[in-house]
Amino acid sequence: MSKVSIINEFGNLKKVWHFIGLYGWQRTLFKVVGKLRVGKLSWIGRPVRIGEQNIGVIGCGQFAFASIGYFLLANRGRCIASCFDVDKQASNSYASALSVPSVADEACDLIDDPSTKIIYIASNHYSHTEYAVAALAKGKTVYVEKPVSVTLQQLASLSAERRRSSNRIYAGYNRPFSAAIRDLRSWCADLQSPLTLNCFISGHQLSKDHWYREPKEGTRICGNTGHWLDLAVHILSWNELPDRWQIVVVWSDQNNRDDDFTIVLTSERGDLISIILTARTEPFEGVNETINLQWGNTIAKIDDFRRLTVWKCKKNGSYKYEKKDLGHESAIMQPFSDTIRDFSEVEKSTLLMLEIADMVIQGIPSRQFSFADSWAKLGISGEHLEK
Ligand SMILES: NC(=O)c1ccc[n+]([C@@H]2O[C@H](COP(=O)([O-])OP(=O)(O)OC[C@H]3O[C@@H](n4cnc5c(N)ncnc54)[C@H](O)[C@@H]3O)[C@@H](O)[C@H]2O)c1
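Presented here is a report on the structure given in the accompanying data block. The shown structure was predicted, so the numbers you read here are calculated from the model rather than taken from an experiment.

Rules used throughout
Residues numbered from 1 in each chain as written. Predicted model: local features only at pLDDT ≥ 70, side-chain atom pairs only at ≥ 80, totals over all residues. Heavy atoms only, no water. Near = heavy atom within 4 Å. Polar contact = N/O pair within 3.5 Å; in protein donor to acceptor, adjacent residues only side chain to side chain. Areas by Shrake-Rupley, 256 points an atom, 1.4 Å probe, with all protein chains shown as cover. Axes fitted to C-alpha atoms, helices over the stretch in contact; angles between N-to-C directions. Helix = DSSP H or I, 4+ residues; strand = E, 2+ residues; numbered from the N terminus. Parallel < 35°, antiparallel > 145°, perpendicular 65-115°, else oblique. Left-handed = near helix turned anticlockwise from the far one by under 90°. Contact = heavy atoms within 4.5 Å. Nonpolar A, V, L, I, M, F, W, Y, C, P; charged D, E, K, R; others polar. Buried < 20%, exposed > 50% of the residue type's maximum accessible area, 1.4 Å probe, protein only. Pairing = 2+ DSSP bridges. 1 Å grid on protein atoms, 1.4 Å probe; cavity = no way out; pocket = protein on both sides within 12 Å on 5 of 7 lines; lining within 4 Å. Points joined across faces, edges and corners; volume = space filled by probe spheres on them. Domains from an automatic or database assignment.

1. Quick notes on the site of the ligand
Reasoning step 1: Close to the ligand lie 25 residues, the nearest being F63, D85, H125, Y131 and K146.
Reasoning step 2: E145 places a side-chain nitrogen or oxygen 3.2 Å from a nitrogen atom of the ligand.
Reasoning step 3: At 3.4 Å from an oxygen atom of the ligand is found a side-chain nitrogen or oxygen belonging to H227.
Reasoning step 4: Expressed as a share of its isolated accessible area of 850 Å², the protein-covered part of the ligand is 79%.

Shown next, in the form of structure tokens:
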């Protein structure tokens, strides 16, 4: 073994050790096996009764394995009945490790199967809407990973199908489900004044040819930044989401506009949101986030979803979470829970995200944006959206 590979191995072991502290050993095991695709992990899920093995998974990559697969098995037992991936090796290794009895040859085989009741979609970004619309049209309950759409036409078709099929759809945006955001909400009762929110993100370094970057896939704005745009829309929706916004995007490298940038949003009410994403170095323990908020007389700081500190007049609160809680479990378990999210919030954050992705793709640093005007251009009225 060369010196370099020994150092790499040591770095990986150190990382695994850190992950056990952050996420617990079982989830860490799923993360490792998801990468290596060796061994069987179905022992973690109890056997289920006939009829309860009724979930189909489309896209069998790392997130489908280490997050969706882990939380489904841990909470519902061996409930995954079938899976599909364009890469046969990915679907075969997924089925073998998680004891999934059937590997579909085509996505439509899984979507058309009457015994499949719930479909989880964790494939490439461009394919999400098409799978979600097809599954909703077949009467399935759908969980679709973020971003739910990467074009306005996709968003319009998803929104139309969502309303037609009475909301059987859940999105993978997980930050709103985190313990820190839920605890923060209880401190933010009097919300008439403008919000100030800042998110500082140390993101993963992605290779130049990583699929997230492809314009067809929506760039890193749709791949990553959508999380904090969605979080901002969620927090603003605790009161009333202002309609008109000024958007400014500043990137540090004109030739690489979806890494190392700041997005600033100011509303007609005076809300001030800023999101800065840096990917100049690889964060050892995964994406690292610091979130600061001021709203009325509440000031709060979230430190990487491990700690929340709140100050409100003479009161203050301090929360420490045993494991890093990004809200993945509650987001993934939405189809089985009362803790669900109003999907129209996700549609609004997607509309805003697509506007910003377009600015970054075209190199346009500043624009006016209105939710109502953008919906109207798509032929959707605000009234319809809330249904
Ligand atoms: N919510 C979160 O925090 C979070 C974190 C990571 C990833 N994700 C999301 O999960 C999804 C998967 O990401 P990942 O990290 O697992 O990526 P990945 O590259 O590990 O997996 C993607 C898989 O999709 C498959 N695929 C590609 N095109 C397909 C198609 N048309 N039909 C079916 N399968 C197809 C690929 O072969 C691959 O196996 C993405 O939407 C990503 O944004 C969410």
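Let us keep going from here.
2. Let's talk about the packing of helix α9 (residues 219-236) against helix α11 (residues 343-362)
Reasoning step 1: Packing of α9 against α11 leaves a shortest axis separation of 8 Å and a crossing angle of 135°. As far as their axial angle goes, α11 and α9 are oblique. Considering the relative orientation of α9 and α11, their crossing is right-handed. Along the contact surface, α9 presents T219, I221, C222, G226, L229, D230, V233 and H234, while α11 presents E345, V346, K348, S349, L352, M353, L354, I356, A357, V360 and I361.
Reasoning step 2: Here the contact of α9 with α11 is composed, by residue class, of twelve nonpolar, four polar and three charged.

3. Points about helix α6 (residues 128-137)
Reasoning step 1: When you tally the buried positions in α6, you get seven out of ten residues, the bulk of the element.
Reasoning step 2: The set of residues buried in α6 consists of H128, T129, Y131, A132, V133, A135 and L136.
Reasoning step 3: Looking one or two residues beyond α6, the residue adopting positive phi is G139, at roughly 85°.

4. Quick notes on the sheet that holds strand β4 (residues 118-121)
Reasoning step 1: The parallel open sheet is built from six strands, whose spatial order is β3-β2-β1-β4-β5-β6. Of all the strands in the sheet, just β3 (102-103) and β6 (169-171) have a single pairing partner and so form its edges.
Reasoning step 2: Where strand β1 (residues 55-58) and strand β2 (residues 80-84) come together, four bridges link them in parallel fashion. Each residue of the ladder has a partner; that of G56, found in β2, is S82.

5. Examining the layout of surface pockets
Reasoning step 1: By volume, the second largest pocket amounts to about 290 Å³.
Reasoning step 2: Secondary structure elements with two or more residues in the lining of the second largest pocket: α2 (25-36), α3 (62-76) and α10 (328-332).
Reasoning step 3: In terms of residue class, the lining of the second largest pocket is built from six nonpolar, four polar and five charged.
Reasoning step 4: Taken domain by domain, the makeup of the lining of the second largest pocket includes at least three residues from each of domain 1 (3-123) and domain 2 (175-385).

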